[in-house]
Each structure stands twice: as C-alpha cells, then as structure tokens.
Amino acid sequence: MPATPQYAWPMLAAELGAELWVKHENHTPAGAFKVRGGITFIDWLRENHPECRGIATATRGNHGQSQARAAAAAGLKATIVVPRGNAREKNDAMRSFGAKLIEHGKDFDESREEAKRLAALEDLYLVPPFHHALVSGVASYALELFSAVPDIKRVYVPIGCGSGICAVIAARDAMGLDTEVIGVVSTEATAAQQAFLSGKAETTASARTFADGVAVRSVVPEALAIYREGAQRVIAVSDDEIAHAMRLYFRCTHNVSEGAGAAPLAAAVQERDINAGQRIAVILCGGNVDTEVFQEVLCGRTPQV
C-alpha cells in the first residue's frame, strides 16, 4: 500500500490555535490504519506457520477488514467474529474482502472468546488483538508522519487494544525523538486510562460508546507495559466531544472520520490551552462510520448506543 498523507489544515489550526497535523489513515485501502498490520501479520504467519490454512479473530471492524484482506491475498480463509449489533457497513466491508462473518456476544470482549473457541474447533490460527507483527506494520504510519513533519511537540493516538499507540511509541523511540505521545480513550471505556494510572490490567463493566474502535472493556497486558512506559498520559473524551470532533473534521477538511478516528482531535481540543502555539499531530485512524450514524452526527446529535 502507498504511504498516506499528513496535512496541516488551516481551518483546524484556527480552531485550536495551534499548528495541527492530521495523519490521514482514513486514506488506506481499507479506510483505516489496521490494514498495515494485516499485511505484516499475514506475512509473518506464512513465514512462521506455513501449514496454516486459515485464521480466526474478533473485531469491531477495521482489524477484521485488515485480516480478511491480507488473508485473501495469501490464499487463506478468514473467520471473523463481531458482537451483535456491530456496524453494518463494517460488516459488509469484511464480507466483501472474503471473510466468513459471525455475530456473537454483546461486545468485543465476548467476541474474542468466541473467536478463540472457533479457532480451536476448526484448526484456525487465532489472530490476537495485539502482536509484534501487527505493531510493526502499524508503526509504518508513525514513521511516515515523523519523517515528514519534524519537531512535533505531542501526538494524540486512540487506544483500543493498543497496537496504534505502541507503534507510535516504537517509531518515536527508534528515531530518537522527544515527542510526547498522548493516549486517548472514551469516558465510557476507560480501562486503558485506569490501567495507565494503576499499572494493573484493568477491566470495566461496560464499554458503551458509539466510537467502536475504542469500545473495549479490558486492556492487553503486553500493550499496557509499552504505553505505560512510553506515553505521557492517557486522557478520556466523551461521546459528545467525539461527535463534535467528527463535525470539525467534516467542516474544516471535508474528511469523514469514524468515532475512534475523531477521538484524538477531541482530545487536542480538550487540551487546547497547553497546545496553543505548538506543533502537534493527531491520528485520524479511520473513516469507516455507518451512513446513518454519520448523518446523526452531522445533524448535531450524539449517537446513542
């Protein structure tokens, strides 16, 4: 896949009072950053497990599209588990990439358990939500951003299972930069923020946010170990703030962002005072939002879960 662009949009800069760079991972072949990890993970799988005939994994959509796309290119079958009521258009996209889609569970964490069961039952390789081969692929967007834009003071990255923020930390450290990495979660799914503060693998009772890319109840311990060491802080944004950021993106850049993709911009707006006059960056990690949800947001409403 080609590199994605990073742009400094003047209307966004005016809104924040800062030089704001947007890394457009909504411009990938699957509309989200996860496609990078799909390429590198399936390459790793073919090299290390050549006997593998297929994969199973759980997702809210972008990881599943990534794995289905890469698996099909490698001649492997992909069984993807999503929670009931998952984004319809993400489900359609996964099927279009060749996935066998199964709806199971009330949320991502329950879907993970079903994917694990199916992998054992059908002799498929279970693709975890976090793996070094996924992170190495995702890190390519951070390498592109940091190579194109020098001296970024801080970058805001959403946290789902952690591949994005860990990839940004890895690229920053490999390049010897001192950019602050700020993790962003939903106020309705704060496990990563709680774990960052406590140092323990926290779990929340629910994750009821329309920003499905960050709607996870449990942290991945391996990811936590990296972002607790390498991130400056983890902040939470509300669904109202996320919806506002989605409208900002559309009004100021005419780019479509899904909820998780807009969360970093929402966080940068929340921290407007400390960002004033600084060069900062946000990761627009994906644009795969259902039409009806985006219509609601553009009408000034916050979608309810």
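The structure we're discussing is the one just above.
Residues numbered from 1 in each chain as written. Predicted model: local features only at pLDDT ≥ 70, side-chain atom pairs only at ≥ 80, totals over all residues. Heavy atoms only, no water.

Caption draft 1: Layout of the overall build of the chain. Within the chain, the secondary structure is distributed over 13 helices and 10 strands. By the compact-globule yardstick of 19 Å for 305 residues, the chain fits well, its C-alpha radius of gyration being 18 Å. With the C-alpha coordinates of the chain rotated into their principal frame, the extents come out at 55 × 45 × 40 Å. The buried share of the chain, reckoned over its 305 residues, is 59%. Taking the intrachain contacts of the chain between residues at least 6 apart in sequence as the baseline, contacts between residues at least 24 apart amount to 72%. (Helix = DSSP H or I, 4+ residues; strand = E, 2+ residues; numbered from the N terminus. Rg over C-alpha atoms; globule rule 2.2 N^0.38 Å. Buried < 20%, exposed > 50% of the residue type's maximum accessible area, 1.4 Å probe, protein only. Contact = heavy atoms within 4.5 Å.)

Caption draft 2: Expanded view of the packing of helix α7 (residues 163–174) against helix α9 (residues 221–230). The N-to-C vectors of α7 and α9 enclose an angle of 50°; their axes lie 9 Å apart at closest approach. With respect to each other, α7 and α9 are oriented oblique. Where α7 crosses over α9, the two elements pack in a sense that is left-handed. Mapping the contact onto sequence places Ile 165, Cys 166, Ile 169 and Arg 172 in α7 and Ala 223, Ile 226, Tyr 227 and Gly 230 in α9. Taken together, the residues that form the contact of α7 with α9 break down as 6 nonpolar, 1 polar and 1 charged. (Axes fitted to C-alpha atoms, helices over the stretch in contact; angles between N-to-C directions. Parallel < 35°, antiparallel > 145°, perpendicular 65-115°, else oblique. Left-handed = near helix turned anticlockwise from the far one by under 90°. Nonpolar A, V, L, I, M, F, W, Y, C, P; charged D, E, K, R; others polar.)

Caption draft 3: Region of interest: the pattern of salt bridges. Under the counting rule described, the total for this entry stands at 20 salt bridges. Its salt-bridge partner being Glu 180, residue Lys 153 comes within 4.0 Å of it at the nearest N-O pair. Of this pair, Lys 153 sits in the loop between α6 (132–148) and β7 (154–158) while Glu 180 sits in strand β8 (residues 180–186), placing them 27 residues apart in sequence. Residues Glu 271 and Arg 233 are paired through a salt bridge, measuring 2.8 Å at the closest nitrogen-oxygen approach. Linking Glu 271 in the loop between α11 (259–270) and α12 (272–275) with Arg 233 in strand β9 (residues 233–237), this pair joins segments that are 38 residues apart in sequence. Given the relative accessible area of 12%, Glu 271 is considered buried. In this structure, a network of salt bridges that share partners links the residues Arg 88, Glu 89, Asp 92, Arg 95 and Glu 292. (Salt bridge = Lys/Arg side-chain N within 4 Å of Asp/Glu carboxyl O.)

Caption draft 4: Just the nonpolar core, in detail. If you look at the biggest cluster of nonpolar residues, it comprises 78 residues, and the most contacted ones within it are Val 155, Tyr 156, Ile 165, Tyr 227 and Leu 265. Of the residues forming this core, the biggest block, 8 residues, is contributed by α11. In this structure, Val 155 is in contact with Leu 145, Phe 146, Val 168, Thr 179, Glu 180, Val 181, Ile 182, Ala 281 and Ile 283, ignoring residues within four places of it in sequence. Membership of the second largest hydrophobic core comes to 19 residues, among which are Phe 41, Ile 42, Met 94 and Ala 133. (Core = buried A, V, L, I, M, F, W, Y, C linked by side-chain atoms within 4.5 Å.)

Caption draft 5: Quick peek at the packing of aromatic side chains. The final tally for this structure, using the stated rule, is 6 aromatic pairs. Pairing Tyr 7 with Trp 9 gives two aromatic rings, centres 5.7 Å apart and planes at 85°, and the pair type is edge-to-face. Relative to Tyr 141, the ring of Phe 33 lies with its centre 6.1 Å away and its plane at 90°, an arrangement referred to as edge-to-face. Pair noted here: Phe 33 is in the loop between β2 (19–24) and α2 (34–48) and Tyr 141 is in helix α6, with a separation of 108 residues, a long-range link. For Phe 33, a relative accessible area of 10% puts it in the buried group. (Phe/Tyr/Trp six-rings, centres within 6.5 Å; stacked < 30°, edge-to-face > 60°.)

Caption draft 6: Region of the structure containing the packing of α2 against α6. Where α2 contacts α6, the axes come no closer than 7 Å and their chain directions differ by 140°. Classified by the interaxial angle, the pair formed by α2 and α6 is oblique. Along this stretch, α2 crosses α6, giving a crossing that reads as right-handed. Residues Arg 36, Gly 37, Thr 40, Phe 41 and Trp 44 of α2 touch α6, and the partners they reach there are His 132, Ala 133, Leu 134, Ser 136, Gly 137, Val 138, Ser 140, Tyr 141 and Glu 144. Its residues placed into classes, the contact of α2 with α6 shows 6 nonpolar, 6 polar and 2 charged.

Caption draft 7: Focus on the side chain of Arg 154. In this structure, Arg 154 sits in strand β7. Among the residues examined, Arg 154 registers a relative accessible area of 5% and is labelled buried. Within the structure, the side chain of Arg 154 is placed 3.4 Å from the backbone oxygen of Ile 274, a separation counted as a polar contact. Leaving out residues up to four positions away in the same chain, Arg 154 has contacts with Thr 179, Glu 180, Ile 182, Arg 233, Ile 274, Asn 275, Gln 278, Arg 279, Ile 280 and Ala 281. (Polar contact = N/O pair within 3.5 Å; in protein donor to acceptor, adjacent residues only side chain to side chain.)

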